[in-house]
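Listed below are the residues making up each chain.
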Amino acid sequence: MPDRPPVFDDREDAVLTEVVGALVESERALAELEGVRIVQFAAAMRVALRRSEHRPRAIQEREMALRSIAAEIGVALRWNDRTVQRRLGEALQLVDDFPTTVQALSDGRISARHAAVIRDVGTELVDPTLRAAFEARVVTRAASDTAAGTRAFARALLEELHPASITERFESAEQQRRVWMEDGVDGMARLGVIDGAAKIRAMYDRLTQQARAIRVVARAEAEVGDIHPDAVQDRRTTDQTRADLLCDLVLAGQPAVDPTAGTLPGGLGAIRANVSVIVPALTAAGATDRDASIDGLSPIDADTARRLLAGAPAWDRLVTHPVTGSVLAVDRYRPSPALQRFVRARDVHCRFPGCRQPARRCDLDHNHDHARGGPTARCNLACLCKRHHTLKTETPWVARQLPDGSIQWTSPLGRRATDRPERYVAFVPEPDPPSF
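Everything quoted here is computed from the prediction, not taken from an experiment.

Now for the overall build of the chain. Secondary structure assignment for the chain yields 14 helices and 12 strands. Once local pairs closer than 6 in sequence are excluded, the contacts in the chain between residues at least 24 apart make up 54%. Of the accessible surface of the chain, which amounts to about 26,200 Å², a share of 55% is contributed by carbon and sulfur atoms.

Before going further, it helps to spend a moment on the pattern of salt bridges. Scanning all chains against the criterion turns up 28 salt bridges. Between R37 and E34 there is a salt bridge whose closest N-O contact spans 2.7 Å. Note that R37 and E34 are positioned in helix α1 (residues 11–52) at a spacing of 3 residues, about one turn of the helix. Residue classification places E34 among the buried residues on the basis of a relative accessible area of 11%. Salt-bridge contacts for E63 lead to R67; the nearest nitrogen and oxygen are separated by 2.8 Å. Here E63 pairs with R67, and both are found in helix α2 (residues 59–77), just 4 residues apart, close to one helical turn. The partly exposed category is assigned to R67, whose relative accessible area is 36%.

For the rest of this paragraph, the subject is a nonpolar patch on the surface. Together, V179, M181, L191, V193 and M203 make up an exposed nonpolar region whose accessible area comes to about 510 Å². Elements represented by at least two residues in the nonpolar patch include exactly β1 (178–183) and β2 (189–194). Looking at the element boundaries, V179 is found in strand β1. A residue is classified by how much of its surface remains accessible, and V179, at 58% relative accessible area, is exposed.

Here we come to the side chain of E34. A polar contact is formed between the side chain of E34 and the side chain of R87, at a distance of 2.7 Å. The residues contacting E34, other than those within four sequence positions of it, are R87, L105 and A112.

Tallying each qualifying case throughout the model produces 4 aromatic pairs. Considering the side-chain rings of W397 and W409, the 6.4 Å spacing of their centres and the 65° angle between planes classify their relative orientation as edge-to-face. With W397 in the loop between α14 (386–394) and β10 (398–401) and W409 in strand β11 (residues 407–410), the pair connects residues that are 12 residues apart, well separated along the chain. Relative accessible area serves as the criterion here: at 1%, W409 is assigned to the buried category. An aromatic cluster of three or more residues is present, and its members are F352, W397 and W409. If you follow R178 out to its NZ or CZ, it ends over the ring of W180, 4.3 Å from the centre.

For the rest of this paragraph, the subject is the sheet that holds β10. Spatial strand order, β10-β11-β12: 3 strands in an open sheet with antiparallel pairing. Sheet topology places β10 and β12 (416–419) at the edges, where each strand pairs with a single neighbour. Each strand axis lies, on average, 25° off the axis of its neighbour in the sheet, ignoring direction. Across 4 bridges, the pairing between β11 and β12 is antiparallel. Bridge pairing links Q408 to T418 in β12.

Quick look at the confidence of the model for the chain now. A low pLDDT means the predicted coordinates there should not be read in detail. Summing up the model confidence of the chain, the mean pLDDT is 83 and the portion of residues at 70 or higher is 83%. Ranking the elements of the chain by mean pLDDT puts strand β7 (residues 327–332) last, at 58, and helix α4 (residues 99–106) first, at 97. The low-confidence segment residues 425–436 (pLDDT under 50) makes 14 contacts with residues lying over four places distant or belonging to another chain.

Here the focus is the packing of helix α5 (residues 112–122) against helix α7 (residues 147–161). Viewed as axis vectors pointing N to C, α5 and α7 meet at an angle of 20°, and their least axial separation amounts to 9 Å. Our classification of the angle between α5 and α7 gives roughly parallel. α7 is crossed by α5, and the crossing has right-handed handedness. Along its contact with α5, which presents R113, H114, V117, D120 and V121, the element α7 presents A147, T150, R151, A154, R155 and L158.

Here is what the cut-offs are and how they apply
Residues numbered from 1 in each chain as written. Predicted model: local features only at pLDDT ≥ 70, side-chain atom pairs only at ≥ 80, totals over all residues. Heavy atoms only, no water. Helix = DSSP H or I, 4+ residues; strand = E, 2+ residues; numbered from the N terminus. Contact = heavy atoms within 4.5 Å. Areas by Shrake-Rupley, 256 points an atom, 1.4 Å probe, with all protein chains shown as cover. Salt bridge = Lys/Arg side-chain N within 4 Å of Asp/Glu carboxyl O. Buried < 20%, exposed > 50% of the residue type's maximum accessible area, 1.4 Å probe, protein only. Patch = residues over 30% accessible without salt bridge, like charges linked within 9 Å, V, L, I, M, F, W, Y side chains within 5 Å. Polar contact = N/O pair within 3.5 Å; in protein donor to acceptor, adjacent residues only side chain to side chain. Phe/Tyr/Trp six-rings, centres within 6.5 Å; stacked < 30°, edge-to-face > 60°. Lys NZ or Arg CZ within 6 Å of the ring centre and 35° of its normal. Pairing = 2+ DSSP bridges. Axes fitted to C-alpha atoms, helices over the stretch in contact; angles between N-to-C directions. pLDDT = per-residue confidence, 0-100. Parallel < 35°, antiparallel > 145°, perpendicular 65-115°, else oblique. Left-handed = near helix turned anticlockwise from the far one by under 90°.

Written as structure tokens, this is what we have:
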């Protein structure tokens, strides 16, 4: 493996350093301007509400003031007036319900994307005290994380603070499950579905596995040249293959063409969906209904979690730190490589900053290269998706694991970013049996 080139070794590094620094300042300036715009939108919304107070009681009549102001702003900004009307409502909600977020945005500490995440997730908390506690913690996280990472943290925190359990909310939300269709352009259309997170993630996982199996066969045939002169080569992307498979499964009950039949036992039909379910011990035992999730990202109701747990062929037990929530140990009631289980359980997803690829789809990478003496131990292993594993191996990016499991990344220009391990709800030891 070639030695990593030194940092700032030529004029190109100096140019890149200047570019990155300028982009950081531009992002901060844009955030500050977005904070000002939100305050102005909120002020316009208040004017619309005051004018609506004197309108007749009919909803359409009362909305005329808002529509007129939205149209006024839309013409001035060359925006669609419906978009303006939506932004007015969102701005007032941010200013009234999330003042700390607006201040952080105006200070340039977070971006407009982070602010939208905080509003979208936090709006479920009706109690002002709970919402303020939620906002304070998420803003702190947003200042050092991506919008995607902030959303995952915010959703986990929402489950912790929400006065109603996920089971209660799921029973209500499940009544809204549906399938819908929207016409597109150029002869295309969209099909959407809303249902339980466990089912949707399982469907997507199975489609993805099948699509990748097809692509493996297509690449193998192309490499060996085993293609009939009159045959049509499969040049579809994974997204395109997933879409074709979904149409086949819905319309015909099975894929119309299965190129894996000769290489994959059972073909595409043998592929089963995989999801990683995290269930706290108390939830599994029925003592509480909180904190169950899929892939560490999507909260699910306790009943679904218990059903998945009961039907799983094997499951891991995670022992976590009672304060930090980081994973301390993993054991399993059926044999498998213990070290791999530990690392995947601790990491949850790819450990490159901002990447949320689930750990079960990632490679286990030696932070300090094995070829250079890095040990195969939990203190030197982390989950990296194919993209970021290749980035670390083939470029001067450096990953160093800290004692708490955090991964400190150093870019080729010397910038540092730290990805911290996800928190888990700690397992509570069972009390000593009563004395007789």
